[in-house]
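# Close look at the chain arrangement
Listed below, chain by chain, are the residues.
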Amino acid sequence: MDNVSIIAIVSIIAAGFTTGVGCMFPALAEGKSVSSALSAIAQQPDAAPTITRTLFVGLAMIESTAIYCFVLSMILVFANPFWNHIIQ
Amino acid sequence: MKLSPDETIFWQYGFVTINLTLVTTWAIMLLLVSLSVLATRKLKTGNQISRSQSMMEIIVTGINGQIREVGLKEPGQYIGFIGTLFLFIGTANLLIILPWYEPPTGSLSTTAALAISVLLAVPFFGIQKSGLLGYLKTYLQPTFIMLPFNLISEASRTVALTVRLFGNIMSGGLIVAVLLSIAPFVFPVVMTALGLLTGMVQAYIFAILATVYIAAAVHESKKKDKKSTTHSKEVSHG
């Protein structure tokens, strides 16, 4: 097996694992934070605007980890620097 | 497959490049400026105001209210920056309903520019509020050991702002492109509708995070002043 196919195989497998694992745990975390925010709103409907704003900011923070993984796998699939190095 | 509108190049001379991102950004700027000029041409204070003035007042009052809720008590001096961020990103993301439109926020250079302007605006407002020394002291806030961590957090949150906006918008466009090749009938429409929601939420989050960072820089320096004055009062009482 030559270098090009090794790099292609490793990149594709790594990209799949990156997106898979990187979506799984942020999804768990987001579910947990949304559920606790919902129960907080159910207990205190007056505080709903504050809770919602904090929830959105927190969700953005959590989701950015998933986005990092996604961007990394996009780089591995579409703009792989090692692949380009070997090809040239 | 194209990952960003940077790769569509119209004109190039040396390192000066005019690509689709630049053209769309200038078009959005032109649209926003001309709309607001048209809407604010005949402002009135009576009971009967025009529809466009009412619309503008709703937008400005809403953004002011959001800034005030985060903790900046005088939103007038911050709305110029934060409101511009929100309106630009929101418009850029909402216009994906137009055919052949590629959002400029799906390019890493646009989002990096926006995040760097936030990075520069935080010390600007902090220094404006409490002077250069007062702002620099916030880097030594709990103790001087925290100085490298404060610097790292400044850099990492800029990178996070950049990649978050870019990744969200780019992934929306990419998913639509992939679905067009697999199931081109209904599903791309659904994903585009989801992209509208994501785009608006991302614009809100970018603006709110910029507000939170500015509020932290402004507040910490103010808190320090208050503590030192109360301390001196106690000393004088004692």
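From a predicted model like this one, the values you see are computed outputs, not experimental measurements. (Residues numbered from 1 in each chain as written. Chains lettered and ligands numbered in written order. Predicted model: local features only at pLDDT ≥ 70, side-chain atom pairs only at ≥ 80, totals over all residues.)

## Description of the pairing of strand S1 (residues 9-13) of chain B
Residue and element names in this part refer to chain B. The element S1 is barely covered by neighbouring structure, given that only zero of its five residues are classed as buried. Sheet topology places S1 next to strand S2 (residues 16-19); four bridges connect them, and they run antiparallel. From the neighbouring strand, Ile9 faces S2, where its bridge partner is Asn19. In sequence, S1 turns back onto S2 through a hairpin of two residues, with Gly14 there showing a positive phi of about 65°. (Buried ≥ 20, exposed ≤ 12 C-beta atoms within 10 Å, placed from the backbone. Helix = DSSP H or I, 4+ residues; strand = E, 2+ residues; numbered from the N terminus. Pairing = 2+ DSSP bridges.)

## Brief notes about the confidence of the model for chain A
In the predicted model, chain A carries a mean pLDDT of 89, and 100% of its residues have values of at least 70. Mean pLDDT across the secondary structure elements of chain A bottoms out at helix H3 (residues 81-87) of chain A, with 82, and peaks at helix H1 (residues 3-43) of chain A, with 93. (pLDDT = per-residue confidence, 0-100.)

## Regarding the confidence of the model for chain B
Residues and elements named next belong to chain B. Across chain B, the average pLDDT comes to 85, with 91% of residues at 70 or higher. Predicted confidence in chain B is weakest over helix H6 (residues 187-237), with a mean pLDDT of 76, and strongest over helix H3 (residues 79-94), with 94. Predicted confidence for residues 231-238 stays below pLDDT 50, and this span has zero contacts to residues more than four positions away or in other chains. Here the complex is predicted with pTM 0.84, and the ipTM for its interfaces comes to 0.76. (Contact = placed C-beta atoms within 7 Å.)

## Thoughts on the packing of helix H1 (residues 20-39) of chain B against helix H2 (residues 51-70) of chain B
Residues and elements named next belong to chain B. Viewed as axis vectors pointing N to C, H1 and H2 meet at an angle of 120°, and their least axial separation amounts to 9 Å. By the criterion of interaxial angle, the relationship of H1 to H2 is oblique. In contact with Ser36, Leu38 and Ala39 of H1, H2 contributes Ser52, Gln53, Met55 and Met56. Residues of the contact of H1 with H2, tallied by class, amount to four nonpolar, three polar and no charged. (Axes fitted to C-alpha atoms, helices over the stretch in contact; angles between N-to-C directions. Parallel < 35°, antiparallel > 145°, perpendicular 65-115°, else oblique. Nonpolar A, V, L, I, M, F, W, Y, C, P; charged D, E, K, R; others polar.)

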